[in-house]
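# Structural characterization, general
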Amino acid sequence: MECGVHHANHYYGHSAVLARYCGLDDEAPRIQGYLQHGWNIGDGLAPDHEFVPGVPKFLWSERVRRRAWSLGRRDVYVVGAPWAYLLALEPAAPAEREGTIWYPFHGWEGQHVLGSHDNLIAEIKATEPGPVTVCLYWQEYRDKAVRATYEKAGFRVICHGYRGGWWKDLDPGFLYRQLAELRRHSRVASNRLCSAVFYGTLAGCAPAVYGDPMQLENEKSAFGGQARILREWSDMIGAEVDLETARRVAVAELGADRLLPPAELRRLFGWPAPRSTAAIELTGVLTS
Amino acid sequence: MTVTLIGGEMLHWSDRPATPALPPVGEITGRTLVAGPHPHDLIASLPAERTTVLLRGLPDAEAVAGLGVTVWAGSLDKVAATPAFDTIVALDGLDRLCSAEAETLDGWDERLAHLLTLLRPGGRLLLRVENLFGVHRLIALPEALGDSEWLVADDRDPHRPAGLAALRERLAVVREYAAYGDALLSREVLADAELSGFVSATIAGALATTGEVLADPAALATRALRHGLALELAPAWVVVTGGAADTPDAVVGAKAVAAADPPRGRTLEDELIAAAQRRDLPAMRALLTAWQKSPAAGVPAAQVIAGSASPAASDLTPLAPAGDPLVALSHFAAAAIRGDIAHLWPAPADEAELTALIAGMTGREVEPADVPPLPSRPAPGAVRELTAERDRLARELAEARAKHEFYEQQIRGRDAELKRVRQINAVLSATAPGKAVLGGLKAGRRAVRAVVKRGRA
C-alpha cells in the first residue's frame, strides 16, 4: 500500500538524493511521510501543509524535533537533511576555492521582496574581498531587471534551477549543481540565515550573514521571525564568524551527525530494498 | 526407611516444593530436619542416616521414604520432644508445615517458635519467608482461594514479621537473600552498583508470568532494583542463622556465585533504552550495531552485560546461550514497547514492525513478515501491557481511517486530473495539427512495417 505523501518531499530533488543513498534509481519515490524541505526555526514543516494523523514527519535535526514536539506535533522523526546525505555520497575532491557565493534572500512563489537590490550590492562590494557569484531564486532569475542589476555590478549571476512542484518539472540535479557551485567558493553569504548558508558551511565554505534582510510584503513573524534568528543563531550572523562554531551549528541544524543507515531509511520511508545492497551500506557517519 | 505417622497426616494430599532446585546456601551439617516439601535432589544430597524429613501429605512422605531418610508424616504441632537438630532446612517457608488437622500453631510466629525448640542453641536455620508485599503480590489480581488455603497468610498478623527489619529482630540472621524464583541474591550483591546488570538479568530471567497479572513482573522488579528496592520487594527472602562463613554471595542456576565472578556493568537493554530516552539515537545505533556484530548477537539484550567502561565498544558479555539474532532483536522490540519508547519510531509499532526497523538501525534489511514470533510473549496477561496495546491499536485504527479518507481525496483529485487530461487529448486529436501529428505517426508506423517486411523477404 502506498501512503499519502506531500509533493514538497520532491522539492530540490530531495527525495532523489535520499533514494540514491538508499541504492534506488527512482528520481521521485513516494516517501511515507512528510519530509522537512528547508531550514526551519519552527516545527520543521511548511505552514501550508495539511497533515494526516499517523503520517510521520521526517525532520532534519534533534533541535527541530524537540521544538515540534513542544508545539504538539507527534510522529516526528529525525532523519537529517538530504544535503548531509548528498555530502556523504559526494566526497569533496581537493579543489581550488575562490571568492564568495552570495544568496540574496528570496520569496517563494506568490511572495514579493521589498528592499533595494542596489543597497545590497553596495554592501556586498564593500565586504567581499574576492570575486562574487550571485545565486538568484528562479523567480528573480527570470526577472530580467533583477538579473541585470546584479550583472551590471560585475557579479556572475547563476540560478540552481526550479525546485519543482506537484510532481511537475522535478529537478533531481538541483542539489548537485548547488554543491558543485559551493565547492568552487571559499565563502557563502546571504542577507538572511537560510538553508543555503548552512549548506555552504557544511560543504566547507566560511559563512557570513549581513546586509538588508529585505522584508517580504506582509511578512509574518512565525516562530519569532528575523528577530529570533538574530538572537538564537547569533553565532552565524556577521561578515566574519567563528568557523569552528559555525560548522558545529551547521552539523546540528542539518542533522549531519544523525544520518541513518540506508536500511533504516528505507524502512522508515516504506521504500523497497535495492536489487543489490552490497556496496552502498554506509554507516551514516559524516567524517569529512 | 518407613514412614512414621506422628499425627495429623493428610492421607490424600501432596505439596509441590516451592523451589525447583537446590539452593546451596551454605553447609548443612549434623542432624538435620528438612521441614516441609523440598526437592528430592536436596534431600538425596544429605547423609540419609542423619536426616529427618517432615511432611504433612502421606503420599509425599512415602515418596521421600525411598531416599533412605527418616520420614515423619504429620503436622508440625505433633512433633514431640526429640533430640535437638543441628540444622533445620525450611526453604519452603512455614506455611505448609501444619496440616488441616492441626489444633495449634495457627500463627506464623508460633510455628517458628515451635520449630526453634527443635533446633539446638546456635544451630543453623535456613528459612524462606514469603514477602507479603513482594512484586508478585503487587501485580496480583483478585483470585479465588485454593484448597491449601484453609488458613491465609496475612500481614495484619502483628507477630508475622512484615519486612526484613522485623525478621532480623525476631531471628539472629547472619545472611539474608532476596529470592527471585530460584535465584538468591544477597543484600551485598544487590547493593553493588557494578553488578546491576548481572542482577537485573538474573531477576528478569527468574520471573515468569503465569496467568493474569497487573503488569509484567520482570519489568517491575528490575525497576525496583534501579531504585534500590530489590531486597525489600523480593517475592521472598531466605535467611540464614548460625555462622555466616560459608554462605555464598548469590545462588543462580543452583550454583553458588561469588560477588567477584559476574561481569561488571549494566545490561545492554538498559543501556539501549537509556540512550533512547535521551533521544540519542546515534548512540543507540552504535550500540545496536556493536551488539549485532558481536558473538552475543543472538542473546537477548536483557541477558547481555555491557562493560561499564565503554558500552559502545564491543565488550559485551552474554549471560545466556545465543539463539537467532532476529529473535534477540524481537525481544528487544518487545522491551521497547513495554518500556514505552515505541513512539520513537513510526507506527505501526507492533513487535514485528519494530524489529524490522531496529534491524534497519544496524544496517540489516528485514521484512516484518520474516520476523519469527517470540516463543512466549513476556507478559501474556498483564493488564498494563494489554491496556497499552489496546490504546496503540485504537490509535492505529483512527490513523488508518484518517489516511483512508486522505487517499479517497487524493484519488478523487487524480481522477479529475485524468479526466481533464483525456479531454484535452480528445480535443487536441480532433484539431488539424493534432490529426497531422497522429497521421504522421500512423504513416511512420506503416513505413517501418514495410521496411521490416522487406527485410524479412
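Residues numbered from 1 in each chain as written. Chains lettered and ligands numbered in written order. Predicted model: local features only at pLDDT ≥ 70, side-chain atom pairs only at ≥ 80, totals over all residues. Heavy atoms only, no water.

Looking at an unreviewed UniProt entry, one finds chain B named Class I SAM-dependent methyltransferase and attributed to Paractinoplanes deccanensis.

## Some remarks on a positive patch on the surface
Taken together, the side chains of Lys442, Arg445, Arg446, Arg449 and Lys453 of chain B present a region of like positive charge at the surface. Looking at the element boundaries, lysine 442 of chain B is found in helix α14 (residues 432-456). (Patch = residues over 30% accessible without salt bridge, like charges linked within 9 Å, V, L, I, M, F, W, Y side chains within 5 Å. Areas by Shrake-Rupley, 256 points an atom, 1.4 Å probe, with all protein chains shown as cover. Salt bridge = Lys/Arg side-chain N within 4 Å of Asp/Glu carboxyl O. Lys, Arg positive; Asp, Glu negative; His and termini not counted. Charge placed at Lys NZ, Arg CZ, Asp CG, Glu CD. Helix = DSSP H or I, 4+ residues; strand = E, 2+ residues; numbered from the N terminus.)

## Some details on the pairing of strand β4 (residues 70-74) of chain B
Residue and element names in this part refer to chain B. With four of five residues buried, β4 lies mostly within the body of the structure. Relative to β4, strand β3 (residues 51-55) is paired through four bridges, and the arrangement is parallel. Residue valine 53 lies in a different strand from β4, and its bridge partner there is valine 71. At this point the chain moves from β3, through helix α2 (residues 58-65), to the parallel β4, and the crossover so formed is right-handed. (Buried < 20%, exposed > 50% of the residue type's maximum accessible area, 1.4 Å probe, protein only. Pairing = 2+ DSSP bridges. Right-handed = clockwise from strand over helix to strand, strands pointing away.)

## Things to note about the pattern of salt bridges
Residues and elements named next belong to chain A. For the coordinates displayed, the defined rule picks out 40 salt bridges over all chains. One salt bridge in this structure joins arginine 20 and glutamate 90, with 2.9 Å as the shortest N-O distance. Residue arginine 20 is found in helix α1 (residues 14-21), and its partner glutamate 90 is found in the loop between α3 (82-89) and β4 (100-103); the two are separated by 70 residues along the sequence. The class for glutamate 90 is partly exposed, based on a relative accessible area of 26%. Connected via shared salt-bridge partners are Glu62, Arg65, Arg66 and Arg258.

## Topic: a nonpolar patch on the surface
Residue and element names in this part refer to chain B. Among the surface-exposed residues, Val437, Leu438 and Leu441 lie close enough to one another that they form a single nonpolar patch of about 260 Å² accessible area. With respect to the helices, strands and loops of the structure, leucine 441 is situated in helix α14. A relative accessible area of 49% places leucine 441 in the partly exposed class.

## Overview of the sheet that holds strand β3 (residues 76-78) of chain A
All names here are of chain A. The strand order across the open sheet formed by three strands is β1-β2-β3, and the pairing between neighbours is parallel. Unpaired on one side and paired on the other, β1 (34-35) and β3 mark the two borders of the sheet. Of the pairings in the sheet, the one linking β1 to strand β2 (residues 57-59) comprises two bridges and is parallel in character. Paired with leucine 35 across the strands is phenylalanine 58, a residue of β2. Relative to the sheet, helix α2 (residues 62-70) contacts β2 and β3, its axis offset from that of β3 by approximately 170°. (Contact = heavy atoms within 4.5 Å. Axes fitted to C-alpha atoms, helices over the stretch in contact; angles between N-to-C directions.)

## Re the interface of chain B and chain A
Each partner contributes to the interface: chain B provides 30 residues, whereas chain A provides 33 residues. Regarding the contact of chain B and chain A, the summed buried area is about 2300 Å², with carbon and sulfur atoms giving 54% of it. If you look at where chain B meets chain A, you find three salt bridges. Ionic pairing is found between arginine 266 of chain A and glutamate 365 of chain B, a salt bridge with its closest N-O pair at 2.2 Å. (Buried area = accessible area lost by both parts, 1.4 Å probe.)

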